[in-house]
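So you can see what is in the structure, the chains are spelled out below.
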Amino acid sequence: MKLACVSLGCDKNLVDSERLLGTLGGEGFTFDDVQGDTGGCVGDGPRRRAGFTLTDDLGEADVILVNTCCFIGRAKEESINALLDAAGWKERGKCRALVAAGCLAQRYHAEILEDIPEVDAIVGPHAYGKVSGAIRRALAGEKVVEVAMPGGSGHIDEHGAGVNGTDRHSTGGHGTDVHSGDGHSSDGHGTGGYSTDVYGGDGHGSDGHSTGGNGTDGKVAVGPIGGVPGGCAPGKVQVPKRILSTGGHYAYLKIAEGCDKHCTYCVIPSLRGHYRSAPLEELVEEARTLAAGGVKELILVAQETTVYGLDLYGDKRLPALLRALAAVDGIYWIRLLYCYPEEITDELLDVMAGEPKICHYLDIPIQHASDKILKLMGRRTDSESLRRVIRKAREAVPDICLRTTLISGFPSETEEDHQASMGFVREMRFDRLGVFAYSREEGTPAAMMPGQVPERLKQKRRRELMRLQQGISKEISRGMVGRKLQVFAEGEMDDGRWVGRTYRDAPEVDGRIVFRVAKDASATGTLLTSPPHADGEGGDFVWVRVTGAGAYDLKGEVWDEPTK
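The paragraphs below set out a description of the structure included in this document. Owing to the predicted nature of the structure, the values given are computational and were not obtained by experimental measurement. (Residues numbered from 1 in each chain as written. Predicted model: local features only at pLDDT ≥ 70, side-chain atom pairs only at ≥ 80, totals over all residues. Heavy atoms only, no water.)

Another point: the pattern of salt bridges. Between side chains of opposite charge, pairing is possible as soon as their charged atoms come close. Enumeration according to the criterion identifies 42 salt bridges in this entry. Among the ionic pairs, Glu286 bridges to Arg19, the shortest N-O distance being 3.5 Å. Of the two residues, Glu286 sits in helix H7 (residues 280–292) while Arg19 sits in helix H1 (residues 11–26), which places them 267 residues apart along the sequence. The residues Glu286 and Arg19 share a single accessibility class, namely buried. Taking the shortest distance from any N to any O, the salt bridge between Lys261 and Glu342 comes out at 3.2 Å. Of this pair, Lys261 sits in the loop between strand E11 (256–257) and helix H6 (268–272) while Glu342 sits in the loop between strand E14 (333–336) and helix H10 (346–354), and the two are 81 residues apart along the sequence. Classification of Glu342 by relative accessible area gives partly exposed; the value is 27%. Bridged by salt links that share partners, the residues Lys261, Glu304, Lys316, Glu342 and Glu343 form one connected network. (Salt bridge = Lys/Arg side-chain N within 4 Å of Asp/Glu carboxyl O. Helix = DSSP H or I, 4+ residues; strand = E, 2+ residues; numbered from the N terminus. Buried < 20%, exposed > 50% of the residue type's maximum accessible area, 1.4 Å probe, protein only.)

Although it is not a glycine, Arg429 sits at a positive phi angle of roughly 50°. Judged by its relative accessible area of 33%, Arg429 falls in the partly exposed class.

Counting 59 residues, the largest nonpolar core has Ile255, Leu300 and Leu362 as its most contacted members. Of the residues forming this core, the biggest block, six residues, is contributed by H7. Sequence-distant contacts of Leu362, that is, excluding residues within four places in its chain, are made with Leu336, Cys339, Ile344, Leu349, Met352, Ile400, Cys401, Leu402 and Arg403. In terms of nonpolar packing, the next biggest core, distinct from the first, is built from 29 residues, Ala61, Leu84, Ala86 and Leu98 among them. (Core = buried A, V, L, I, M, F, W, Y, C linked by side-chain atoms within 4.5 Å. Contact = heavy atoms within 4.5 Å.)

In this section: the sheet that holds strand E10 (residues 250–254). Read across the open sheet, the six strands follow the order E10-E13-E14-E15-E16-E17; overall the sheet is parallel. If you trace the sheet from one side to the other, it starts and ends with E10 and strand E17 (432–437), each paired once. Neighbour-to-neighbour, the strand axes of this sheet turn through a mean angle of 20°, independent of strand direction. One ladder, built from two bridges, connects E14 with strand E15 (residues 358–363); its direction is parallel. Along E15, the bridge assignment pairs Ile334 with Ile358. (Pairing = 2+ DSSP bridges. Axes fitted to C-alpha atoms, helices over the stretch in contact; angles between N-to-C directions.)

Written as structure tokens, this is what we have:
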């Protein structure tokens, strides 16, 4: 049989999708294009009770797994469209089981079952360890709902307005037709495309005798940052099994789950629960496993990375984690995302400045620059404290690349508040910036606030911020011309040029550099090879001289002067 996985939302959700597939491999499901044993404790040998081949063609899939997101209205609409698209393949394709997983599935499981009856199984984030059993039961004709409470067990009794009043024809609150588009294809956010490498701790997984079993005492093993069981022999470090979707040269490392910040616009704490760090030794072991499989760049993610370890160890351990990960052989770059500004410490910046493997890149979501709006958002910063942390970061790491995100049109935002953000962006000159129009999410304090801003005005302000940033980005990019940068080569283009990323570019959200490789290029240096792989595959590091720049992307050529 064939299985297709559609992963929607953020990179944290992508890690969940990779682990979901890895969990299937560890509980009796095998993928025909994966070599060797994909699960079980040491000595079990391969089990081929339910063989699957991964496919990115929904029309050929016997099982379609959609890992949904509902962080904002646009994410909900995208998830609903993906489920409706997948539902269509039950009639015109081969699909026998449609599984809805993730945040939307947890938050609106009753509405999904009523409005999209083609969905056979629903698995929430806190019940991911039950995904294999849910698929088996769905294939046997059952309707399955596995939706646990955050941080506990049992089913959620949902109240509220449903999926913004969604049905097959409208997402209600936003007035969006969920049948927009051709309705026959996913939007490209992770449909299939998974590599055939299964990563897990020494091949340990379930013993195959019970859903979620750990192979030792029959208890359900719920990991510290999710519902995916590890199932290792006693005394072994538990590493969640994953099937990578990023091409195998870089991977996201999810260091924590949940959030305790409770920003007034955000539904994450109610869906994902309290902040829960993964033990440091487990993360280091996972990094070693990923490196052994060819991963060279680790991208650390969580709802918030900067308070890593506070719940487990009583103090923030992100600097210690970074030092430990930097010691892993085969890992050359380590990148930090989602660093809340109030939690950025001198120690963290010192580690970034002193450890060569850590990219001089910091993602700091500030969300706004008006003190009034920041207070209404429940943020723990004001404009002056934001200025201080940004200046401190640039003093500690002079070539640091700073990324941030802003929300336009938050309730009661005036033109004066908007101009405060505009002025802050002009002053701080962020290297990278994204803007989201405020999304009114039921169940959040912000949804009940007076002064809701009209959608057209939200979007107008978003466009103004983005136009401002585009000009800043263009100036910064032009200032890069002539510099020699280390580049992570990701693949060869049809015209013979290569595409890659500098330390300033996180995958998917930032720019890229397109460069040419001369036939006689011979750039050398520590941990570098050149030219990139002759077969057109990425994964090498090269030195590139920047020769041109647009607003977001760079052009260059391989620098063949030897390095010291």
